[in-house]
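# Residue-level structure breakdown
What follows is the residue order along each chain.
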Amino acid sequence: MSNVLRHIFVTSDHHFGSYKLPFLNVYSQKEENRLIKNWNNTVDEDDLVYYNGDFCDGNLDDLCRYFKKLNGQIILVKGNHDIFPDNVYLTMFKDVVDKVVLEDLDLTIHHCPDKHNTKFEIYGHLHRDGDILKHNSNSFCSCVQFNNGCPTSLEKVMMKLI
């Protein structure tokens, strides 16, 4: 496996700021702080992160505040909770896209598991234990809840998939 893949990460579904929203409340503020610490202990400043959707459920100030706390060069693969216009995200993120296709790995990275034209897929969106059963040998759920609260290197993902 390429050494480069050790410096590329995938993660999703932090829903930063959700502790303020009683109808959503994915993580408490204490849990969010732990997730930020885990991220920065895993990802270096120069590493690339494909953030696979649902970054922040707060307002624009929250989005900026959380983004500034995280290491890495982050590409946002938009999810259903990423509601701001692309030009807002582009002031922070390295890029903003609907999906990523890495042809040399025969891999699609997108938020919701769905049809794709590659052998492998990385998706987010699913949070509940029952949902994780939708995994198959050619897919990987990047949701932070299922990955020890940390981004996962693309090297580790591909080792699981191949």
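Use the structure listed above.
Here we summarise the structure given alongside this text. (Residues numbered from 1 in each chain as written. Predicted model: local features only at pLDDT ≥ 70, side-chain atom pairs only at ≥ 80, totals over all residues. Heavy atoms only, no water.)

## Section: the pattern of salt bridges
Heads up, the condition is: Salt bridges are defined as contacts in which a side-chain nitrogen from Lys or Arg sits within 4 Å of a carboxyl oxygen from Asp or Glu. For helices the rule is a DSSP run of H or I covering at least 4 residues; for strands it is a run of E covering at least 2, with both sets numbered from the N terminus onward. The cut-offs for exposure are 20% and 50% of the maximum accessible area for each residue type, with area from a 1.4 Å probe on protein chains only; residues under the lower value are buried, those over the upper are exposed, and the others partly exposed.
What the rule picks out here adds up to three salt bridges. Put simply, Glu155 and Arg6 hold a salt bridge, and the shortest N to O gap is 3.0 Å. You can see Glu155 sitting in helix H5 (residues 154-161) and its partner Arg6 sitting in the segment before strand E1 (8-11), a full 149 residues away along the chain. Given the relative accessible area of 44%, Arg6 is considered partly exposed. Across the salt bridge formed by Asp62 and Arg65, the nearest N and O atoms sit 2.7 Å from each other. In this pair, Asp62 and Arg65 both sit in helix H2 (residues 60-68), three residues apart, roughly one turn of the helix. We classify Asp62 as buried; its relative accessible area is 5%.

## Here we look at the pairing of E1
Rules: Strands are treated as partners if at least two bridges between them are detected by DSSP.
Alternating positions in E1 separate into two faces, Ile8 and Val10 on one and Phe9 and Thr11 on the other, with burial throughout. The pairing of E1 with strand E9 (residues 152-153) spans two bridges and is classified as antiparallel. What sits directly across from Phe9, in E9, is Ser153.

## Here we look at the nonpolar core
Quick note on the threshold: Think of a nonpolar core as a cluster: buried Ala, Val, Leu, Ile, Met, Phe, Trp, Tyr and Cys residues, connected wherever their side-chain atoms sit within 4.5 Å. The criterion used for residue contact is that any of the two residues' heavy atoms lie within 4.5 Å.
Ranked by size, the top nonpolar core spans 21 residues in total, and within it Phe55, Leu63, Ile74 and Phe93 carry the most contacts. Examining the composition of this core, we find that three residues originate from one element, H2, more than from any other. If sequence neighbours within four positions are ignored, Ile74 has contacts with Trp39, Val49, Tyr51, Phe67, Phe93, Lys94 and Asp95. Counting 19 residues, the second largest nonpolar core, distinct from the first, contains Leu48, Leu107, Phe140 and Leu161.

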